[in-house]
Amino acid sequence: MDSVSDQFSRPLRDLRISVTDRCNFRCVYCMPREVFGPGYAFVPRKDLLTLEEIARIAQAFATLGMRKVRITGGEPLIRRNLEHLIEMLNATSGIEDISLTTNGSMLTAGRALALKQAGLRRLTVSLDALDDKTFKQINDVDYPASRVLDGIENARSAGFSEIKVNAVVRRGFNEHAVLDLVDYFRGTGCIVRFIEYMDVGETNGWNLDDVIPARELISQIDAKYPVEPISPNYQGEVAKRWRFRDDQGEIGFITSVTESFCGDCSRARLSAVGKIYTCLFATEGHDLRMLVRSGASDSDLLESIKNIWQARSDRYSELRGMNVPMPDSGKSKVEMSHIGG
Ligand code: SAM
Ligand code: SF4
Ligand code: SF4
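Keep in mind it's a predicted model, so treat the numbers as computed, not measured.

Here the focus is the site of ligand 1. Looking at ligand 1, there are 19 residues lining it, with Y29, G74, T102, S126 and M198 nearest. In this structure, E75 approaches ligand 1 through a side-chain N or O atom, which is 3.3 Å from a nitrogen atom. Contact between ligand 1 and M198: a nitrogen atom at 2.9 Å from a main-chain N or O atom of the residue. Compared with its free state, where it exposes 540 Å², ligand 1 has 95% of that area covered by protein. Among the secondary structure elements, those contributing two or more residues to the shell around ligand 1 are β3 (97-102), β5 (164-169) and β6 (191-196).

In this section: the site of ligand 3. By nearness alone, every residue bordering ligand 3 is listed as F261, C262, C265, R267, R269, C279, L280, F281, R312, D314, Y316 and S317. At the level of secondary structure, the elements contributing two or more residues to the shell around ligand 3 comprise β10 (267-270) and α11 (316-322). A class-by-class count of the residues in the shell around ligand 3 yields seven nonpolar, one polar and four charged.

A separate point is helix α6 (residues 145-157). Given a rise of 1.5 Å per residue, 13 residues ought to cover 18 Å, and the 19 Å separating the end C-alpha atoms of α6 matches this to within 8%. Looking at α6, one finds that the buried residues are A145, V148, L149, G151, I152 and A155. The arc that holds every buried residue of α6, seen down its axis, measures 155°, which confines them to one face. Directly beyond the C-terminal end of α6, a positive phi value near 110° is found at G159.

Rules of the game
Residues numbered from 1 in each chain as written. Chains lettered and ligands numbered in written order. Predicted model: local features only at pLDDT ≥ 70, side-chain atom pairs only at ≥ 80, totals over all residues. Heavy atoms only, no water. Near = heavy atom within 4 Å. Polar contact = N/O pair within 3.5 Å; in protein donor to acceptor, adjacent residues only side chain to side chain. Areas by Shrake-Rupley, 256 points an atom, 1.4 Å probe, with all protein chains shown as cover. Helix = DSSP H or I, 4+ residues; strand = E, 2+ residues; numbered from the N terminus. Nonpolar A, V, L, I, M, F, W, Y, C, P; charged D, E, K, R; others polar. Expected span 1.5 Å × (residues − 1). Buried < 20%, exposed > 50% of the residue type's maximum accessible area, 1.4 Å probe, protein only. Arc of directions from axis to C-beta.

If you want it as structure tokens, here you go:
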């Protein structure tokens, strides 16, 4: 098997696969209703990669050293027969880990079991607040937090252990939810990860003042439950890990804004229409669907992905932190719902 490195000697290790651009939520920081409301042009079905096309592309990535796949969206559980994709990925040599990020609203007991049986290894459920007033303000579809908690329970009963819970923290919205989430999940085996609100896409009206630095959250949590940092599980781990000193588990912080981690970034993203993005903040993708649908051979596909990765020099968060002119400024960044988190 080949392996491939980019312009900063970063290997290709992870692939995030967005299986749909649609979602049943309208989170204000991701798919604001004013933009993604009636009239918004979602991708027509014929333009979505088929599950077989996704599996074929993933196989090519695995040949180049990719080891971990995360399935995302939009809301990935909207995609019919997703379990079949998971089975195909599971049978792909080189892929060691398959995980999925979901809003939890479709995690019925039956679906959770089907995902587990198909070979899904790990599950992340997004939940930004436990009180309905805040949670509904964020999801903007009147969805209660208790039903997401039910989804998490269903996943646990299906045999998923160490479920991660993602919470985006935005000043003025849900900072009070941080301790609620810690109180609720501490000691349960679920790992809550607090994510700094990011300037992904162009539609959420992001402002630096809305970002609550992780260090602020850490002192807030530490004052109630003393915590200490622990080493990453592996090089390039996105979340910084902290443990409760009284052995009640751990929490994580994704400091994309205040402490960038571009130096270790080994992630590529495949959009639902088959474009490869080499950064979450990219403005342009590389079209693999056209290649796949025009009868390209496996070695053509491999060569194309290799060239894309070798040319990669993205380090958006690092540059943003340095206050230098940004490459591609003035061009529109791709939306989160097209490439997943
Ligand atoms: N719909 C699924 C979900 O919400 O888990 C998967 C896709 S969603 C785009 C993936 C993750 O990105 C979620 O945890 C979401 O909270 C996070 N996210 C979306 N927009 C964000 C933003 N502007 N800043 C930080 N995280 C964001
Ligand atoms: Fe949907 Fe996830 Fe975006 Fe919320 S964060 S709108 S659940 S894709
Ligand atoms: Fe990776 Fe781009 Fe995020 Fe940096 S800004 S960590 S290169 S996705």
